[in-house]
Amino acid sequence: MKNIVILISGRGSNMEALIAARDAGTLPVNIAAVISNRPEALGLETAQRAGIAAHFIDHKGFESREAFDAALAECIDQFAPDLVVLAGFMRILTPGFVRRYEGRLLNIHPSLLPSFPGLHTHQRALDEGVRIHGCTVHFVTAELDHGPVVIQAAVPVIDGDDEASLAARILVQEHRIYPQAVRWFAEDRLQLVDGKVRIAAALDAERAFISPELR
Ligand code: GRF
């Protein structure tokens, strides 16, 4: 069974979805540790309650991104993960860190990338008046919120939506697609080869989830 380490910064609901899938027997991984860059991250308590090793490395104690990333990598490597899962981890990672975990570093982003990289995606989507919004699981590259797409889910933007209602609609999908992507990796059905996603052909249709309201 593959070992994963989950990195968080806050609430940790995506982490919880991964723990729930593991507990339900649909995600065959060992969650070796959860690490936060913020000591006050609520998700740390949730991880502890689930019996998972929970650590924090406060980025504020480091003089440079490189120094923080080196400490983070040292902590991660103690657990010898096959995969590092960024689940609401709100730090820009250095190219060196990204290279170290190339092909075994996944992120979830709350937009249909390459639209709306960065922060405040839901408000920006509302401001732009887009009618379709969503979330993306991708392999991480040195470019922020970029990188080969594994799976996306699309939902409608509905008249009267505000940031909170749109975020909630998308979070439901985040909690569906992230465990799915991690499961594919755990089952050796998903790989990064020469910078491209290689995935079992049988899974193609499952890589794009279109909410029923959009069909
Ligand atoms: C999610 O919307 C995720 O896509 C984004 O940050 C949020 C984290 O939420 N990167 P949670 O901590 O998983 O609840």
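Before going into details, it helps to say that this report is about the structure given with it. (Residues numbered from 1 in each chain as written. Predicted model: local features only at pLDDT ≥ 70, side-chain atom pairs only at ≥ 80, totals over all residues. Heavy atoms only, no water.)

**Considering the overall build of the chain**
When you go through the chain residue by residue, the secondary structure sums to six helices and ten strands. For the chain, the spread of C-alpha atoms along the principal axes amounts to about 45 × 40 × 35 Å. In the chain, which comprises 215 residues, the proportion classed as buried is 47%. For the chain, contacts bridging at least 24 residues in sequence account for 62% of all contacts bridging at least 6. (Helix = DSSP H or I, 4+ residues; strand = E, 2+ residues; numbered from the N terminus. Buried < 20%, exposed > 50% of the residue type's maximum accessible area, 1.4 Å probe, protein only. Contact = heavy atoms within 4.5 Å.)

**Regarding unusual backbone geometry**
In most cases, non-glycine residues show a negative phi, while peptide bonds are predominantly trans. Residue Pro114 follows Leu113 across a cis peptide bond; omega there is 10°. Relative to the elements of secondary structure, Pro114 occurs in the loop between β5 (105–109) and α5 (121–128). A positive phi angle is found at Asp194, which is not glycine, with a value near 50°. Checked against the element boundaries, Asp194 lands in the loop between β8 (190–193) and β9 (196–199). Using a relative accessible area of 77% as the deciding quantity, one classes Asp194 as exposed.

**With respect to the layout of surface pockets**
Picture a little ball the size of a water molecule; that probe, rolled over the atoms, points out where space is still empty. By volume, the largest pocket is sized at about 940 Å³. With five residues, the single largest contributor to the lining of the largest pocket is helix α6 (residues 163–186). In terms of domain composition, the lining of the largest pocket takes at least three residues from each of domain 1 (1–101) and domain 2 (110–135 + 143–215). (1 Å grid on protein atoms, 1.4 Å probe; cavity = no way out; pocket = protein on both sides within 12 Å on 5 of 7 lines; lining within 4 Å. Points joined across faces, edges and corners; volume = space filled by probe spheres on them. Domains from an automatic or database assignment.)

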